[in-house]
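Okay, here's what each chain looks like letter by letter:
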Amino acid sequence: MAERTVVVPAKCIPLPSGLDPAQAAAIVNPGMSAWLSLKLRAGVAAGETVLIMGATGVAGQLAIQSALPGCRKNHRRRPKPRSARIPRVDAVVVLSDPEEQVSESFAAQIRDRGIDVVIDYLWGARQNSC
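What counts, and at which threshold
- Residues numbered from 1 in each chain as written.
- Predicted model: local features only at pLDDT ≥ 70, side-chain atom pairs only at ≥ 80, totals over all residues.
- Heavy atoms only, no water.
- Buried < 20%, exposed > 50% of the residue type's maximum accessible area, 1.4 Å probe, protein only.
- Helix = DSSP H or I, 4+ residues; strand = E, 2+ residues; numbered from the N terminus.
- Salt bridge = Lys/Arg side-chain N within 4 Å of Asp/Glu carboxyl O.
- Bend = angle between axes of the 7 residues up to and from the residue.
- Contact = heavy atoms within 4.5 Å.
- Patch = residues over 30% accessible without salt bridge, like charges linked within 9 Å, V, L, I, M, F, W, Y side chains within 5 Å.
- Areas by Shrake-Rupley, 256 points an atom, 1.4 Å probe, with all protein chains shown as cover.
- Axes fitted to C-alpha atoms, helices over the stretch in contact; angles between N-to-C directions.
- Parallel < 35°, antiparallel > 145°, perpendicular 65-115°, else oblique.
- Left-handed = near helix turned anticlockwise from the far one by under 90°.

Draft legend 1. Highlighting the pairing of strand E1 (residues 49-53). Of all the 5 residues making up E1, 5 are buried; the element is thus mostly covered by neighbouring parts of the structure. Burial along E1 is two-sided: Thr49, Leu51 and Met53 and Val50 and Ile52, pointing in opposite directions, are all buried.

Draft legend 2. Spotlight on the pattern of salt bridges. Counted under the stated rule, the structure contains 1 salt bridge. Across the salt bridge formed by aspartate 112 and arginine 111, the nearest N and O atoms sit 3.8 Å from each other.

Draft legend 3. Seen up close, helix H2 (residues 28-41). Helix geometry: H2 is bent most strongly at tryptophan 35, by close to 25 degrees. At its buried positions, H2 is contacted by helix H1 (21-26), E1, helix H3 (58-67) and strand E4 (117-120). In the segment just after H2, glycine 43 is the residue with positive phi, at about 60 degrees.

Draft legend 4. Layout of a nonpolar patch on the surface. The grouping of Ile27, Val28, Met32, Trp35, Leu36, Leu40 and Val58 at the surface amounts to a nonpolar patch, some 650 Å² of accessible area in total. Relative to the assigned elements, leucine 40 resides in helix H2.

Draft legend 5. How the structure looks around the packing of H2 against H3. H3 packs onto H2 with a crossing angle of 40 degrees between their chain directions and a minimal axis gap of 8 Å. It follows that H2 is oblique to H3 by the angle criterion. Crossing geometry of H2 relative to H3 is assigned as right-handed. On H3, the residues that touch Pro30, Gly31, Ala34, Trp35, Leu38 and Lys39 of H2 are Val58, Ala59, Leu62, Ala63, Ser66 and Ala67.

As structure tokens, this is what we get:
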């Protein structure tokens, strides 16, 4: 862990004013997770539908941005109160809803839109608590 290193200036970008350098450094991993998964591995294209499980987290939020422009986005999430923090999604499935309602919501999404790509940041069985 060095305090200084040699870099190629052309490979550097300025940080937006007000962005803490520690936050800028920390966002790289979830950002690359989202971008590499959707763009490089899955090859998401305009018009495809992406199911993002765990879209309320940092990686999930960045996955929404990576799926843009042109993709339809579905996502699955846990708590209801955070819905205002998830812009530009086509549908929401709330995992804290009753099991039957969650199943019906997923079935409706698959029936109405289909799902081309799934990215899962939840890993594991559904939990009813945050």
